[in-house]
Amino acid sequence: MQLIRLRASIDLRDEQWIDVEIRFGVGNADTIPDDVTGLTALLICTYSGGVAQIVPQDGGIDCEYQFTPGEKEQLLAFYELQVKPQLLEKAGSGARS
């Protein structure tokens, strides 16, 4: 599935982990199961910017949908280019949102 209009929010969860929620539209919505209505990705990251886990969520709750390798590549590319610099700046300042 083609992910479009990606946007992220960063939350410094605790002293170890940073949560990055990525919201997106899809170019071909018929690839998402009908019972998934609000698909987003939660990236669990370290303070050094590494991605420990990518968790599919539906309406902010973990769901059974699994991202394909291509979808994960799109999410990681967006994270590396657009989000990671902001995350590192925020993590360095210790700012909480």
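As a reminder, the structure under discussion sits directly above these lines.
Everything numeric here is computed off the predicted structure, so don't read it as measured data.

1. A few points about the pattern of salt bridges
Scanning the model with the defined rule gives three salt bridges in all. One salt bridge connects Arg23 with Glu21, and the closest N-O pair in it is separated by 3.3 Å. Judged by its relative accessible area of 40%, Arg23 is partly exposed. Here Glu80 ties to Lys84 by a salt bridge, and the two come within 3.6 Å at their closest N and O atoms. Linking Glu80 with Lys84, this pair stays in helix 1 (residues 69–93), spanning four residues, or about one helical turn.

2. A few points about the side chain of Glu71
Considering the arrangement of structural elements, one finds Glu71 in helix 1. The charged side chain of Glu71 is buried without a salt bridge, its nearest counter-charge being Lys72 at 8.5 Å. Of the polar contacts made by the side chain of Glu71, one reaches the side chain of Tyr65; its length is 3.1 Å.

3. Let's talk about the pairing of strand 2 (residues 17–26)
Burial of strand 2 is extensive: eight of the ten residues sit out of reach of the surface. With eight bridges joining them, strand 1 (residues 3–12) and strand 2 adopt antiparallel strand pairing. Residue pairing in the sheet places Ala8 in a bridge with Ile22 of strand 2. The antiparallel hairpin formed by strand 1 and strand 2 contains four residues in its connecting segment. Pairing of strand 2 with strand 3 (residues 39–46) involves seven bridges; the strand directions are antiparallel. Pairing of Arg23 across the sheet is with Thr40, part of strand 3.

4. A closer look at the sheet that holds strand 4 (residues 51–58)
Here five strands make up an open sheet; going across it, the order is 1-2-3-4-5 and the pairing antiparallel. Sheet topology places strand 1 and strand 5 (61–62) at the edges, where each strand pairs with a single neighbour. Helix-sheet contacts for helix 1 involve strand 1, strand 2, strand 3 and strand 4, and the interaxial angle to strand 1 is about 35°.

5. What to know about helix 1
At Val83, helix 1 shows its strongest bend, of approximately 55°, with the proline Pro85 following within four residues. All buried positions along helix 1 are accounted for by Glu71, Leu75, Phe78, Tyr79, Val83, Leu87, Lys90 and Ala91. Contact partners of the buried residues in helix 1: strand 1, strand 2, strand 3 and strand 4.

6. Some details on the environment of Gly92
Within the secondary structure, Gly92 sits in helix 1. As a C-alpha pair, Gly92 and Gly25 span 67 residues in sequence and 30 Å in three-dimensional space.

Here is what the cut-offs are and how they apply
- Residues numbered from 1 in each chain as written.
- Predicted model: local features only at pLDDT ≥ 70, side-chain atom pairs only at ≥ 80, totals over all residues.
- Heavy atoms only, no water.
- Salt bridge = Lys/Arg side-chain N within 4 Å of Asp/Glu carboxyl O.
- Buried < 20%, exposed > 50% of the residue type's maximum accessible area, 1.4 Å probe, protein only.
- Helix = DSSP H or I, 4+ residues; strand = E, 2+ residues; numbered from the N terminus.
- Lys, Arg positive; Asp, Glu negative; His and termini not counted.
- Polar contact = N/O pair within 3.5 Å; in protein donor to acceptor, adjacent residues only side chain to side chain.
- Pairing = 2+ DSSP bridges.
- Contact = heavy atoms within 4.5 Å.
- Axes fitted to C-alpha atoms, helices over the stretch in contact; angles between N-to-C directions.
- Bend = angle between axes of the 7 residues up to and from the residue.

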